Amino acid sequence: MSVFKEVSLEKFTEIREVISRFIESHNWKRVYHLKSLDEDEDLKRIIKLFEENSVIKGSVDSTTIYVIPIYFYVSNIGYGYALVASLIIERESSEYIVKIYYGISGIFKAPNRGEAEKLIDEWLGGFVKLLGKTISDKHPIATKLAEIAGCWRSIESISLLYRFYGDEILNDDTIPGLHSICHEEADLFVNDKVIVIPYIGYIGLFVVRDKDSSKIFANGENNFYEVPQDEKIFYEALFSGLNDLLKPEAVVKDKWGNKYPFSSTEVAVDGGRVVLVAFGHYDHKVEKWYMRDILAIAYNSSRRGRRQVYSFQSRRVSNTVSEAMKSFNEDLTEALLGFVFLNREIHKKAKEKIMKELTKKHEWKILPA
């Protein structure tokens, strides 16, 4: 039996619009502090909506959680949408704290109603099953899970993680890490199972690794896809080296005065080496830097072929750094090449690869001192 409830298009629209209009009319607030649950008539209607439509409901300590996982499917057209919404009511000594979160999927297509139900369960069911289990077991992480309901990529990630790892993800930092990303408390998160770099920069990367099968899955336009074999080395490198890229180690200024922060690391993967170079832009308003891309430059690898540079922003394997950087301006490309060449920590053979590219492109000559 599906953990998602199928409803009519009209019912789906009604639930979605009631929740979205309430949040919009309250300046997009998700959290409300009240002396009494009766003091806000609009909020009373929202609570009633959840009471009447929740598929999952229960309490953990002094917190009550309602969850609405629904979808509609139009059989004569063969498409539909899904929605996950949660209502959390925490009772404190002197007030109630009410939290509302919801997310809507992208369009899904299926040839018939049975396939639609199967697709929804495989795509999103893991999150709902895990949330229902934690509420039933009164697990302390249930509230954090319910607060992720508004972050669609995290819902997809948790569903996939639950398929591979089951309850194991309740006992490590996976759920807290995804929660911190969802609520913008962290700029990125990585452990041995998942990588998340949010869309605040340019990358928008969600990656899940099944350690038992050695398969890696990354977010696509509408769903996760299995990373091709010839790209896996770059994702394995990112699992190993992402934490070393968190702080810029140098800022390169181009001839126009633009500043580009860079960081790099080098890791051993698949019998070879991979250099990871992250670069971005600095936001002076919030005094933070954001990654625009991470390039992975492989060498001494057991992989055959010439294509050795991977851009995580474009998800493309290239023959050269310049080719991988073709969506960026030339000044930024040259700043990157200069950073790689001048960085003492990057292996000599990787630098030789870059130097060949530089001399070929610019017809530079090395003269005697």
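Scroll up for the structure.
What you are looking at is a predicted structure, and each value in this text was computed from that prediction instead of being measured. (Residues numbered from 1 in each chain as written. Predicted model: local features only at pLDDT ≥ 70, side-chain atom pairs only at ≥ 80, totals over all residues. Heavy atoms only, no water.)

This structure, assessed with the given rule, holds 14 aromatic pairs. Plain terms: the ring middles of Tyr71 and Phe108 are 6.3 Å apart, the flat faces sit at 65 degrees to each other, and that makes the pair edge-to-face. One end of the pair, Tyr71, is in strand 4 (residues 63-74); the other, Phe108, is in strand 7 (residues 108-109), with 37 residues separating them in the sequence. Take Tyr71: its relative accessible area is 1%, and that puts it in the buried class. Ring-pair connections join several aromatic residues into one group, and the members of that group are Phe12, Phe72, Tyr79 and Tyr81. Note that Lys193 overlies the ring of Tyr165, its terminal NZ or CZ placed 5.2 Å from the centroid. The ring of Phe239 carries the charged tip of Arg209 above its face, separated from the ring centre by 3.9 Å. (Phe/Tyr/Trp six-rings, centres within 6.5 Å; stacked < 30°, edge-to-face > 60°. Helix = DSSP H or I, 4+ residues; strand = E, 2+ residues; numbered from the N terminus. Buried < 20%, exposed > 50% of the residue type's maximum accessible area, 1.4 Å probe, protein only. Lys NZ or Arg CZ within 6 Å of the ring centre and 35° of its normal.)

Once that is clear, we can look at the pattern of salt bridges. Counted by the stated rule, this structure contains 17 salt bridges. Here Arg45 and Asp42 are joined by a salt bridge, their closest N and O atoms 2.3 Å apart. With Arg45 and Asp42 both in helix 2 (residues 41-53) and three residues apart, the pair spans about one turn of that helix. (Salt bridge = Lys/Arg side-chain N within 4 Å of Asp/Glu carboxyl O.)

Turning next to the packing of helix 1 (residues 9-25) against helix 2. Axis separation between helix 1 and helix 2 bottoms out at 10 Å; the angle between their running directions is 150 degrees. Our pair here, helix 1 against helix 2, has a crossing hand that is left-handed. Between helix 1 and helix 2, the contacting residues are Lys11, Ile15, Val18, Ile19 and Phe22 on the first element and Asp42, Leu43, Ile46, Leu49, Phe50 and Asn53 on the second. In terms of residue class, the contact of helix 1 with helix 2 is made up of eight nonpolar, one polar and two charged. (Axes fitted to C-alpha atoms, helices over the stretch in contact; angles between N-to-C directions. Left-handed = near helix turned anticlockwise from the far one by under 90°. Contact = heavy atoms within 4.5 Å. Nonpolar A, V, L, I, M, F, W, Y, C, P; charged D, E, K, R; others polar.)

As far as function goes, none of this settles anything; it's purely spatial.
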